[in-house]
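Structural description and commentary
If you want the building blocks of each chain, they are given just below.
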Amino acid sequence: MKITVQASRAVRPGYGSDGVVAGGSAIATPDVVPLSVFDKVNFDTYVSVIYVFRPPMPPNAALEAGLARALAEYREWAGRLGIDADGKRAIHLTDEGARFVEATADVTLHSVLPLRPTREMTSLHPSADGAKELMLVQITRFACGSIAVGFTAQHLVSDGRATSNFFVAWSQATRGAAVDPVPVHDRASFFAPRVPPQVEFEHRGVEYKQKQQPPPPHVKKSVSDDDVVHGHAGHDEDEDDKVVVHKVHFSREFISKLKSQASPPGTHRPSSTLRCIVAHLWRCVTAARGLGAGESTSVRIAVDGRVRMSPPVPDGYTGNVVLWARPTTTARDLVTRPLQHAVELINRGLARVNESYFRSFVDFASSGAVEEERLVPTADAAETVLSPNIEVDSWLRMPFYELDFGGGRPFFFMPSYLAVEGLLIVLPSYFGDGSIDAYVPLFSRHMDAFKNLCYSLSLN
């Protein structure tokens, strides 16, 4: 599959001549939007996703015009990162625009299906290398008329829920529909610290860690993180040290069996699908890695604070509202005890990240302790090997299949190739039948064992 870029340009917000956005409201957003405490504690990196649509689809000019209208509603994505008057990181609403790339593929879509999580997929979305834009999109037209829409978005601007809302808004603006949900841009009032502050939980070592000092100049770094991830750890590098991504497909029948196994006997309320899948993947990865029996392992799970905080944060909020649960146990405890035990660990971990925890975090992050103690987020995009731990990002409730540019919804969606060992992504299968896909990156030496375990209901 050869992808050829035909054009690349900035698309600026498309305001009316009277300075009114598409929804009819006057532009009143300040020129500089400070990042919230939730934005600043998140991953400082770009995330890429790919949607695929069958024909008919609107021409590129119509998609570009719709993008301009959507950016008028979501000015953050047309801005640039910088600092505010206090020297803190902020989004400058410069209206410099998002990057819009037009490309063609020399093959039909059918000839390359199913799309697999390989490095080749990175050609279907813009690269973030050297990017100043906060949002970059690429329209790739296949020889058959199908198109891939690839997004590359800066995570500091918003979490997955808010970014997906923007994608949907672009499709709505393209076909002339009202933007729904209406974007809410206020990043200050929802997360004001309490007076006096009430830091009820420990956040050092959880959301924050001590900033590490760089090694002395005379200390030679033997292998870079990038070398490990991409399989270039010098001339002696073994094939087993490469990270490969495998897509697991869990059928409805298998999920039903998992839930039955994970639920306490006689219960009338089975465990949730997500928690059962996370517990199962955590156990399978741990067993496949062959961790020592007493070695500690945790699973990091994103928790959306929109409904957990009081008052709730609106669905249309455009920033990050995520913290993480970290259930932890030993490898022996996780693998030898039944699935139900792992689910219970996850239940307790998620229950702990409640309204009180979110408010405690806001108070701590706003107290000045982060700056005084030179703390940095534990959400570190430079961390490319998570073993003995894993992270599971759930995209099950994202409105991926609500995009409709006027030619119908996407028939396929996937995250881009991301070879971070232990970073798993769970999302609805494109079959639309309740089945679930999981993208699992592991070292090559562990992948065969994982494949043998992931479709089994028993690790013994």
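Residues numbered from 1 in each chain as written. Predicted model: local features only at pLDDT ≥ 70, side-chain atom pairs only at ≥ 80, totals over all residues. Heavy atoms only, no water.

A short note on the packing of aromatic side chains
Convention followed: Between rings of Phe, Tyr and Trp, where Trp is taken as its six-membered ring, a pair exists when centres lie within 6.5 Å; planes separated by under 30 degrees are stacked, by over 60 edge-to-face, and by other angles tilted. Numbering of helices and strands runs from the N terminus, with a helix taken as a DSSP run of H or I at least four residues long and a strand as a DSSP run of E at least two residues long. Whether a residue is buried, partly exposed or exposed follows from its accessible area with a 1.4 Å probe, protein chains only, as a fraction of its type maximum: under 20%, in between, or over 50%, in that order.
With the rule as written, the count across this model stands at 29 aromatic pairs. Ring geometry for Trp77 and Phe166: centres 6.1 Å apart, planes at 45°, overall tilted. Within this pair, whereas Trp77 is found in the loop between α2 (60-73) and β4 (80-83), its partner Phe166 is found in helix α3 (residues 160-174), the two being separated by 89 residues in sequence. By the burial criterion, Trp77 is buried, and Phe166 matches it. A centroid spacing of 5.5 Å and a plane angle of 90° characterise the contact between Phe191 and Tyr317, whose relative ring orientation is edge-to-face. Taken together, the positions of Phe191 in the loop between α3 and β9 (208-210) and Tyr317 in the loop between β11 (296-304) and β12 (322-325) put the pair 126 residues apart, joining distant regions of the chain. Here Phe191 matches Tyr317 in class, with each residue buried. Grouping aromatic residues by their ring pairs yields a cluster made of Tyr51, Phe53, Tyr74, Trp77, Phe151, Phe166, Phe167, Trp170, Trp395, Phe400, Phe405 and Phe413.

Points about the environment of Ala381
Note the cut-off: By the convention used here, residues are in contact when the closest approach between their heavy atoms is within 4.5 Å.
Secondary-structure assignment places Ala381 in the loop between β14 (375-377) and β15 (390-394). Exposure remark for Ala381: the relative accessible area of 37% places this residue in the partly exposed category. Residue contacts for Ala381: discarding those within four places in its chain leaves Phe43, Asp44 and Thr45.

A closer look at the packing of α2 against α3
Filter applied, for reference: Axis definition: a line fitted to C-alpha atoms, limited for helices to the stretch in contact. Angles are taken between N-to-C directions and run from 0 to 180 degrees. Note on angle classes: values under 35 degrees are labelled roughly parallel, values over 145 roughly antiparallel, values of 65 to 115 roughly perpendicular, and the remainder oblique. In a left-handed crossing the near helix is turned counterclockwise from the far helix by less than a right angle, and in a right-handed crossing that turn is clockwise. Under this grouping Gly is polar, as are all residues other than the nonpolar Ala, Val, Leu, Ile, Met, Phe, Trp, Tyr, Cys and Pro and the charged Asp, Glu, Lys and Arg.
Following both chains from N to C, one finds α2 and α3 inclined at 120°, their axes separated by 8 Å at the closest point. Classified by the angle their axes make, α2 and α3 are oblique. The two elements α2 and α3 cross, and the hand of that crossing is right-handed. Within the contact between the two elements, α2 uses Ala62, Leu63, Gly66, Leu67, Arg69, Ala70 and Leu71 and α3 uses Phe166, Ala169, Trp170, Ala173 and Thr174. Of the residues belonging to the contact of α2 with α3, the class tally is nine nonpolar, two polar and one charged.

What to know about the domain arrangement of the protein chain
This is how the line gets drawn: Where a domain begins and ends is set by an automatic assignment or by a domain database. What counts as buried area is the accessible surface, traced by a 1.4 Å probe, that two parts surrender upon association, with contributions from both included. Here, a salt bridge means any Lys or Arg side-chain nitrogen found within 4 Å of an Asp or Glu carboxyl oxygen. Within 3.5 Å is the distance limit for a polar contact, defined as a pair of N or O atoms, with the added protein rule that one can donate a hydrogen and the other accept it, and that residues adjacent in sequence qualify only through two side-chain atoms.
Considered domain by domain, the protein chain is made up of domain 1 (3-18 + 26-189) and domain 2 (244-455). One C-alpha centre belongs to domain 1, the other to domain 2; they are set 25 Å apart. Taken residue by residue, the interface counts 56 residues in domain 1 and 48 residues in domain 2. Both sides together, the interface formed by domain 1 and domain 2 hides about 4,500 Å², and carbon and sulfur atoms give 66% of it. There are three salt bridges connecting domain 1 and domain 2. Across the salt bridge formed by Asp315 and Arg161, the nearest N and O atoms sit 3.0 Å from each other. Between the two partners, domain 1 and domain 2, sit 21 residue pairs in polar contact (both at pLDDT 80 or more). Where the side of domain 1 that touches domain 2 is concerned, the elements lending two or more residues are α1 (37-40), β3 (46-53) and α3. Broken down by element, the residue count for the side of domain 1 that touches domain 2 peaks at 10 residues, all from α3.

Points about the sheet that holds β4
Test applied: Being paired, for any two strands, means DSSP has found at least two bridges between them.
Taken together, the three strands give an open sheet; going across it, the order is β2-β5-β4, and neighbouring strands pair in antiparallel fashion. The sheet is open, and its two borders are formed by β2 (32-34) and β4, each paired with just one other strand. In this sheet, neighbouring strand axes are inclined to one another by 40° on average, regardless of whether the strands run parallel or antiparallel. Looking at chain direction, β4 and strand β5 (residues 89-92) are connected through four bridges and run antiparallel. Bridge assignment links Gly82 to a residue of β5, and that residue is Ala90.

Here's the deal with the side chain of Asn320
Mapped onto the secondary structure, Asn320 falls in the loop between β11 and β12. On the basis of relative accessible area, Asn320 is assigned to the buried category, the value being 0%. Within the structure, the side chain of Asn320 is placed 3.0 Å from the backbone oxygen of His155, a separation counted as a polar contact. Sequence-distant contacts of Asn320, that is, excluding residues within four places in its chain, are made with Ser36, Phe38, Asp39, Asn42, His155, Leu156, Val157, Ser158, Asp159 and Phe191.

Thoughts on helix α5 (residues 252-262)
To keep things clear, this is the line we draw: By construction, the arc corresponds to the directions joining the helix axis to the C-beta atoms.
For α5, the complete set of buried residues consists of Phe254, Ile255, Leu258 and Ala262. All buried residues of α5 lie within an arc of 100° about the axis, which places them on one face of the element. In α5, the exposed positions angled more than 90 degrees off the buried face are occupied by Arg252, Glu253 and Ser260. The inward-facing, buried residues of α5 abut β10 (243-250), α6 (273-289), α8 (339-352), β18 (436-443) and α11 (444-454).

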